[in-house]
Amino acid sequence: MSNVQRVASQTRLEDAFDVNVEDLQTLGTFIINTARDEDTSDLSILIQSIGTSCKYIANCVRKLGLANGKLGGKAGTENVQGEEQMKLDLVAHQVFARGLDRSGRCTLMVSEEVEQLIPCATSPHGRYVCVFDPLDGSSNIDCSVSIGSIFGIYKASERGVRNDCDALQPGKDMVAAGYALYGSACNLVLTIGGCVYGFTLDSSLGEFVLTHPKIRVPRSGKIYSINEGNAKYWDPGMANYVNHVKHVEDPPRSLRYIGSMVADVHRTLLYGGTFSYPSDSKSKHGKLRTLYECFPMAYIMEKAGGAASDGRGRILDILPTHIHQRSPIHMGSADDVAEIERFLAKH
């Protein structure tokens, strides 16, 4: 093909899809380009494995209503938290666990769906620990509300050796975190310790394509997100904050609450404001799990310039004592999270 033909072909492609082909960057290319040494090369392999798992789950979600009940509905079992599992919960867990294990880069895994630590096959390349919620918001599966997967990655203390203590590190020690959102589009949001990047699954290519480089959370926002159905159980500080943003601020803030953490946090990341799931008289220690829900999302939010708190201080500083430990959480725009902390500190 001549240079003239090549330029003409590229121009037709750009006109058809309204993209600049020279700027097209897939997740695989992006990850490979970030690898600087053996450690980060192994991390790249691990993240690409997670990306493949997310594509598989996205395909299952898309086919849910056509699968003759094989993917949709209840599984008839409960997870360690006593929550009813959906069939797709179990599928998503198996996809994540097998992909991570076969990557040969993990020594240990923690999943919301399994009570105990999950050991990985022994590998001399195993230098990471992965914690994950394979399918967040699964109670919304059958009504087609956006759901997602959450993951966080830590460095193992010794290469190729399983050490159970490696699963109980503070969130600030993560080396990477991300989530996939399965909604009107399939988005993968990722940070490997620097900036936060967003990718969108192009089903025609079968690839995650970079669409949101260097995401930054606004310093403050106009939206607050919380389950007001729990208002009767809130502590006075939380009740006063919500009353303030609804009735004192002018103009008042808008309430947006989907009930799927990934979807609510994704909106908060892009538009600003806050997402809160506080402790209350019904859930004294909060409801969301510290290790594989709060920590990864808080890590992403901080790397994007936002903040994340348990109501008293930085949530990433917490040293967990149990893999299924729970925590209250408030995250989003830094100024707004600080305001929540001020209200909670008064009581």
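Positions within a chain are numbered from 1, following the residues in the order the chain's sequence is written. With the structure being a predicted model, the display of local features is reserved for residues of pLDDT at least 70 and the display and counting of side-chain atom pairs for 80 or more, all residues being used for whole-chain, interface and lining totals. Side-chain descriptors were evaluated using all non-hydrogen atoms of the structure, hydrogens and water having been removed beforehand.

A. Fine view of the side chain of R127. As for its placement among the helices and strands, R127 is situated in the loop between β4 (118-119) and β5 (128-136). Judged by relative accessible area, which is 5%, R127 ranks as buried. Contact criterion: two residues are considered in contact whenever any of their non-hydrogen atoms come within 4.5 Å of each other. Sequence-distant contacts of R127, defined by excluding residues within four places in its chain, comprise E38, D39, D42, R105, T107, Y154, K155, A156 and R159. The numbering of helices and of strands both runs from the N terminus, where a helix is a DSSP run of H or I of at least 4 residues and a strand a run of E of at least 2. When accessible area is computed with a 1.4 Å probe and restricted to protein chains, residues below 20% of their type maximum are described as buried, those above 50% as exposed, and intermediate ones as partly exposed.

B. View of the packing of aromatic side chains. Ring pairs are drawn from Phe, Tyr and Trp, using the six-membered ring of Trp, whenever the two centres fall within 6.5 Å, and their geometry is named by plane angle: stacked under 30 degrees, edge-to-face over 60, tilted for the rest. Scanning all chains against the criterion turns up four aromatic pairs. Relative to F199, the ring of F30 lies with its centre 5.3 Å away and its plane at 70°, an arrangement referred to as edge-to-face. Residue F30 is found in helix α2 (residues 27-34), and its partner F199 is found in strand β9 (residues 196-202); the two are separated by 169 residues along the sequence. Grouping residues by exposure puts F30 and F199 together as buried. Each residue in the set F30, Y197 and F199 is aromatic and connected to the rest through ring pairs, giving one cluster. Placement of a charge over a ring requires the Lys NZ or Arg CZ to be within 6 Å of the ring centre, with the centre-to-atom vector within 35 degrees of the ring normal. When the ring centre of F343 is taken as origin, the NZ or CZ atom of K346, which lies over that ring, is 4.8 Å away.

C. Region of interest: the sheet that holds strand β13 (residues 274-277). Strand order in this open sheet of five strands is β12-β11-β13-β17-β15, and the pairing throughout is mixed. Edge positions in the open sheet fall to β12 (254-255) and β15 (307-309), since each of these has one partner strand only. Between any two strands, at least two bridges found by DSSP are needed for them to pair. Judged from the two bridges that link them, strand β11 (residues 223-225) and β12 form a sheet pairing that is parallel. Looking at β12, one finds that I223 is bridged to S254. To get an axis, a line is fitted to the C-alpha atoms, and for a helix only the part in contact is used. The angle between two axes follows their N-to-C directions and goes from 0 to 180 degrees. Of the strands in this sheet, β11, β13 and β17 (329-332) are in contact with helix α5 (residues 236-248), which crosses β11 at around 150°. Packing of helix α7 (residues 290-303) onto the sheet brings it into contact with β15 and β17, and relative to β17 it is tilted by some 30°.

D. Looking closely at unusual backbone geometry. Here D250 and P251 are connected by a cis peptide whose omega angle stands at 5°. Within the secondary structure, P251 sits in the loop between α5 and β12. Here K214, not a glycine, exhibits a phi torsion of approximately 50°, which is positive. Among the structural elements, K214 can be located in the loop between β10 (207-212) and β11.

E. Examining the pairing of strand β7 (residues 174-182) more closely. Counting buried residues in β7 gives eight out of nine residues, a clear majority hidden from the surface. As defined by bridge partners, strand β6 (residues 147-155) adjoins β7 across eight bridges and the pair is classed as antiparallel. Its bridge partner lying in β7, F151 is registered against G178. Both β7 and strand β8 (residues 186-191) contribute to a ladder of six bridges, which runs antiparallel. Following the sheet pairing, A177 is matched in β8 by T191. Counting the residues between successive antiparallel strands, the hairpin from β7 to β8 contains three residues.

F. Focus on α5. Residues of α5 that are buried include every one of G237, M238, Y241, V242, H244 and V245, and no others. Projected onto a plane normal to the axis of α5, the buried residues spread over an arc of 150° and lie on a single side. Looking at α5, the residues exposed on the side facing more than 90 degrees away from the buried face are H247 and V248. For this quantity, the arc is that covered by the directions from the helix axis to the C-beta atoms.

G. Local environment of the nonpolar core. Side-chain atoms within 4.5 Å are what join buried Ala, Val, Leu, Ile, Met, Phe, Trp, Tyr and Cys residues into a set we call a nonpolar core. The biggest cluster of nonpolar side chains holds 42 residues, and the ones touching the most others in it are L100, F151, I153, Y182 and F199. Setting aside residues no more than four positions away along its own chain, F151 makes contact with I50, F96, C130, V131, F132, A177, G178, Y179, L188, L190 and P296.

H. Structural detail: the environment of I150. Topologically, I150 is positioned in strand β6. Dropping the residues within four chain positions of it, I150 is found in contact with V131, F132, D133, D136, G178, Y179, M261, V262, Y292, E293, P296 and M297.

What is shown is where atoms sit, not what they do.
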